[in-house]
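# Coordinates in review
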Amino acid sequence: MHITSSPIYLDHAATTPVRPEVAEAMSASLAEDFGNPSSGHAWGRRARRRLETARASVAASMGVAPERVFFTRGGTESDNLAVLGRLRHDLAEGVTPHVVTSAVEHPAVLEAAERGVLEGGRHTVIGFREGAFDLDALEQVLRDDRPGLVSCMWVNNETGLVLPIAEVGALCRRYGVPLHSDAVQAVGKLPVDWARAPADLLTITGHKIYGPKGTGALIARDFHALRPLHFGGGQERGLRPGTEDVAGASGLAEAVRLAVAEAPAESARLGSLRDEVEAGLLAGIPGARVNAGTVQRAAHILSLGIPGADSDTLLAALDASGIAVSGGSACASGSSAPSGTLAALYPGDTAAALRLSFGRLNRRRDAATVVRAVAEAVERTLALVSP
């Protein structure tokens with residue numbers, strides 16, 4: 001078994017380390033402005049100024065007015081707020097709630113939509129045809145049913161698949177239906193400028209872009225069309241009650257600023273690294289395929305399908321070799337259920353999934369080591385299941 005001389009982290013799509021600049025911004029907030037931003041005294045006013053400075057920074061990075069930015073506790077809450085918040089708004093207005101999602105959405109979207117069904121709504125899932133998102137099926141639903149919301153992620157977290165968000169947005173505008181997009185894996189990897197974004201609601205989070213865990217934001221064109229998920233305060237204009245995490249907001253703002261500024265150069269670097277590793281693995285692993293390899297993908301994710309292998313055994317072997325990867329989405333860890341994303345893209349397929357996601361911790365010099373270690377791990381795991 002090949003053991004790397006130093007551990008190699010290839011799970012940046014699951015989470016990322018906090019950048020020094022982000023930690024510094026958070027530390028300054030914790031040390032200097034600990035007051036409750038809702039308090040009227042000097043300490044509260046200082047905390048409020050820091051919170052609003054963070055909001056303005058996120059807004060500037062995303063090309064949106066500050067009043068459109070609502071801080072949350074992360075991507076999951078933002079997705080829940082967009083989907084359930086809209087469904088509950090429609091229900092309160094006496095309209096039967098109906099949300100349409102792609103088949104490859106994050107569970108935070110899909111499970112929120114299913115919760116909406118329990119509350120009296122409808123959920124329509126749009127699948128894929130020949131590996132591509134079925135825009136014709138989406139248009140038919142929009143034309144026939146005029147749903148209350150479409151939710152279509154920007155970049156799939158398991159495969160790196162880039163959804164046709166511009167085309168989806170154009171269809172939604174044509175039929176007057178608001179669009180929510182989970183952009184958690186897109187910010188810092190692709191151009192995500194609100195001024196040109198087709199979405200009415202946009203989810204972002206900190207810990208995928210070297211920011212703090214448990215801090216995110218929902219960007220909303222019209223927050224009046226949402227209902228809160230929490231109750232007990234007027235913070236975030238009543239949309240997200242609860243004392244704001246000023247330090248977290250400061251860290252998120254710095255993480256977003258750096259990610260957006262560095263995206264062109266970093267995406268090019270990661271794409272080159274991914275392509276080198278991908279070519280080596282396809283040459284070294286017989287029968288391996290690149291999941292979503294025939295469509296546009298974000299530069300930082302490489303998802304492999306390996307026929308005959310067992311994902312858990314393969315991940316354990318790589319962990320023992322000093323390489324951290326994922327079988328798909330870390331959000332589904334501990335579950336033996338097949339990936340909904342891969343089931344949508346490859347119905348009936350049983351190939352093991354291996355996700356390598358690249359980031360700031362990875363360098364070109366690691367490519368050969370990764371290729372050799374992964375190929376050897378696959379060979380060993382396949383030998384275990386061979387008759």
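Residues numbered from 1 in each chain as written. Predicted model: local features only at pLDDT ≥ 70, side-chain atom pairs only at ≥ 80, totals over all residues. Heavy atoms only, no water.

## A look at empty space enclosed by the protein
Over the atoms rolls a probe the size of a water molecule, and its path tells where empty space is left. For the structure shown, the criterion picks out three cavities of 30 Å³ or more. As a volume, the largest cavity reaches approximately 180 Å³. Taken together, 20 residues form the lining of the largest cavity, with Gly188, Lys189, Tyr210, Ala259 and Glu266 sitting closest to its centre. Per-class residue counts for the lining of the largest cavity are eight nonpolar, six polar and six charged. Counting contributing residues per domain, the lining of the largest cavity is built from domain 1 (8-17 + 264-384) and domain 2 (20-259), each supplying no fewer than three. (1 Å grid on protein atoms, 1.4 Å probe; cavity = no way out; pocket = protein on both sides within 12 Å on 5 of 7 lines; lining within 4 Å. Points joined across faces, edges and corners; volume = space filled by probe spheres on them. Nonpolar A, V, L, I, M, F, W, Y, C, P; charged D, E, K, R; others polar. Domains from an automatic or database assignment.)

## Quick notes on the pairing of strand E14 (residues 352-357)
Summarising burial for E14: six of the six residues are buried, a large majority. Along E14, one buried face is formed by Ala352, Leu354 and Leu356 and the opposite face, lined by Ala353, Arg355 and Ser357, is buried too. As defined by bridge partners, strand E12 (residues 301-306) adjoins E14 across six bridges and the pair is classed as antiparallel. Along E14, the bridge assignment pairs leucine 304 with leucine 354. (Buried < 20%, exposed > 50% of the residue type's maximum accessible area, 1.4 Å probe, protein only. Helix = DSSP H or I, 4+ residues; strand = E, 2+ residues; numbered from the N terminus. Pairing = 2+ DSSP bridges.)

## With respect to the sheet that holds strand E8 (residues 179-182)
Read from one edge to the other, the open sheet built from seven strands follows the order E2-E10-E9-E8-E7-E3-E4, with strand pairing classed as mixed. Sheet topology places strand E2 (69-72) and strand E4 (122-126) at the edges, where each strand pairs with a single neighbour. For this sheet, the mean inter-axis angle between neighbouring strands, taken without regard to orientation, is 20°. In the sheet, strand E7 (residues 149-151) pairs with E8 via two bridges, with the strands oriented parallel. Paired with serine 151 across the strands is histidine 180, a residue of E8. The strands touched by helix H2 (residues 42-62) are E2, strand E9 (201-205) and strand E10 (216-220); relative to E2, the strand with the most contacts, the crossing angle is about 115°. (Axes fitted to C-alpha atoms, helices over the stretch in contact; angles between N-to-C directions. Contact = heavy atoms within 4.5 Å.)

## Some thoughts on the nonpolar core
Formed by 59 residues in total, the largest nonpolar core has its most connected members in Met62, Phe71, Leu138, Val150, Trp154 and Leu202. In terms of residue count, the dominant contributor to this core is helix H7 (residues 246-284) (seven residues). When residues of this core are sorted by domain, at least three fall in each of domain 1 (8-17 + 264-384) and domain 2 (20-259). Each residue touching leucine 202, except ones within four places of it in the same chain, is listed here: Met62, Trp154, His180, Ser181, Ala183, Val192, Trp194, Ala217, Leu218 and Ile219. Core analysis: the next-biggest nonpolar cluster, separate from the first, contains 31 residues, Leu270, Leu356, Val371 and Ala373 among them. (Core = buried A, V, L, I, M, F, W, Y, C linked by side-chain atoms within 4.5 Å.)

## Some remarks on the pattern of salt bridges
This model, assessed by the stated rule, comprises 28 salt bridges. Ionic pairing is found between arginine 50 and glutamate 32, a salt bridge with its closest N-O pair at 3.1 Å. Pair noted here: arginine 50 is in helix H2 and glutamate 32 is in helix H1 (residues 20-32), with a separation of 18 residues, a long-range link. Across the salt bridge formed by aspartate 134 and arginine 129, the nearest N and O atoms sit 3.9 Å from each other. Residue classification places arginine 129 among the partly exposed residues on the basis of a relative accessible area of 47%. Residues joined by salt bridges that share partners form a network here, namely Arg48, Glu52, Arg55, Glu236 and Glu244. (Salt bridge = Lys/Arg side-chain N within 4 Å of Asp/Glu carboxyl O.)

## With respect to helix H3 (residues 75-92)
A rise of 1.5 Å per residue sets the reference length of H3, with its 18 residues, at 26 Å; its end C-alpha atoms lie 25 Å apart and thus fit the reference within 8%. The buried count for H3 comes to 13 of 18 residues, which makes it a mostly enclosed element. Directly after H3, the chain includes glycine 94, whose backbone phi takes a positive value near 80°. (Expected span 1.5 Å × (residues − 1).)

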